[in-house]
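Listed here are the chains, written in short residue letters.
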Amino acid sequence: DEFARRLLGGSRDMGPWNAYWTETRAGIANAALVLLLAGGERFDFDAAVQFLRAFFYESESDLVRARVGFVEQLLKTGRLSPTTRRRLDLAVREAQNWSKLDARTREVHKSTIGNVLRPLLSPAAQDFFDPSLGRQFDPQDVLAGKLLICSVNAIAHPELVGLLFKALKRDFCGAVLRDRK
């Protein structure tokens, strides 16, 4: 849920009259991320983008089909906690539902998902994940007390700024609250 909220952080709420689209977008994004992470293997930014693109924009994707199949097998044979089992089962069901939506509804959903993914797929965002352009962010650095300096042109990339800095602000406030306990 937290990763889905972070992903959705770069887009705006669609308002009370569009609650169905807002809620469904969050559920579909969550399902895609659960399936992406369910494999357990490490992946880079490009692999994550490839999976999300296949999940949302390809009607018949071998990559998504293989991941859903893997999770279905895991649900049948894996020793999972009840919470993990429920989350994986919901993600599989959401993926199956997504693939069966009528074309018009699916296209509207794809446009709302596009608003979420657009800042993440921009060249400016890619630069944050390209190791050849500088030092990559390592979460262990934060634990070691190091500072992260992030600079983004907010006029040229307002959605990316929203995505990055809402996540950073949430992490900062969470850290302050944890330290107060």
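(A) Molecular detail of the packing of aromatic side chains. One pass over the full model with this rule turns up four aromatic pairs. The interplanar angle of 35 degrees and the centroid separation of 6.3 Å between the aromatic rings of Phe-51 and Phe-55 together place this pair among those described as tilted. Highlighted residues: Phe-51 and Phe-55, both in helix α3 (residues 45-57), separated by four residues, approximately one helical turn. Residue classification places Phe-51 among the buried residues on the basis of a relative accessible area of 2%. By relative accessible area, which is 3% here, Phe-55 ends up buried. Pairing Phe-56 with Trp-98 gives two aromatic rings, centres 6.0 Å apart and planes at 85 degrees, and the pair type is edge-to-face. In this pair, Phe-56 is assigned in helix α3 and Trp-98 in helix α5 (residues 82-100), connecting sequence segments 42 residues apart. A single burial state applies to Phe-56 and to Trp-98, both of which are buried. A connected cluster of aromatic rings, assembled from ring pairs, spans Phe-51, Phe-55, Phe-56 and Trp-98.

(B) Spotlight on the side chain of Arg-106. Secondary-structure assignment places Arg-106 in helix α6 (residues 103-121). Buried Arg-106, no salt bridge; nearest opposite-charge side chain is Glu-107, N-O distance 5.7 Å.

(C) Up close: the packing of α3 against α6. At their nearest, the axes of α3 and α6 sit 10 Å apart, and the two run at 165 degrees to each other. By the angle between their directions, the pair α3 and α6 is classed as roughly antiparallel. Viewed along their axes, α3 and α6 form a crossing whose handedness is left-handed. Residues Phe-45, Val-49, Leu-52, Arg-53, Phe-55, Phe-56 and Tyr-57 of α3 form the contact with α6, whose participating residues are Arg-106, Lys-110, Ile-113, Gly-114, Leu-117, Leu-120 and Leu-121. Considering only residue class, the contact of α3 with α6 consists of ten nonpolar, one polar and three charged.

(D) Quick look at the environment of Phe-51. In this structure the C-alpha to C-alpha distance between Phe-51 and Val-64, which are 13 residues apart in sequence, comes to 7.0 Å. In this view, Phe-51 contacts Ala-32, Leu-35, Leu-36, Leu-63, Val-64 and Arg-67; residues no more than four positions away in its chain are not counted.

What counts and what doesn't
- Residues numbered from 1 in each chain as written.
- Predicted model: local features only at pLDDT ≥ 70, side-chain atom pairs only at ≥ 80, totals over all residues.
- Heavy atoms only, no water.
- Phe/Tyr/Trp six-rings, centres within 6.5 Å; stacked < 30°, edge-to-face > 60°.
- Helix = DSSP H or I, 4+ residues; strand = E, 2+ residues; numbered from the N terminus.
- Buried < 20%, exposed > 50% of the residue type's maximum accessible area, 1.4 Å probe, protein only.
- Lys, Arg positive; Asp, Glu negative; His and termini not counted.
- Salt bridge = Lys/Arg side-chain N within 4 Å of Asp/Glu carboxyl O.
- Axes fitted to C-alpha atoms, helices over the stretch in contact; angles between N-to-C directions.
- Parallel < 35°, antiparallel > 145°, perpendicular 65-115°, else oblique.
- Left-handed = near helix turned anticlockwise from the far one by under 90°.
- Contact = heavy atoms within 4.5 Å.
- Nonpolar A, V, L, I, M, F, W, Y, C, P; charged D, E, K, R; others polar.

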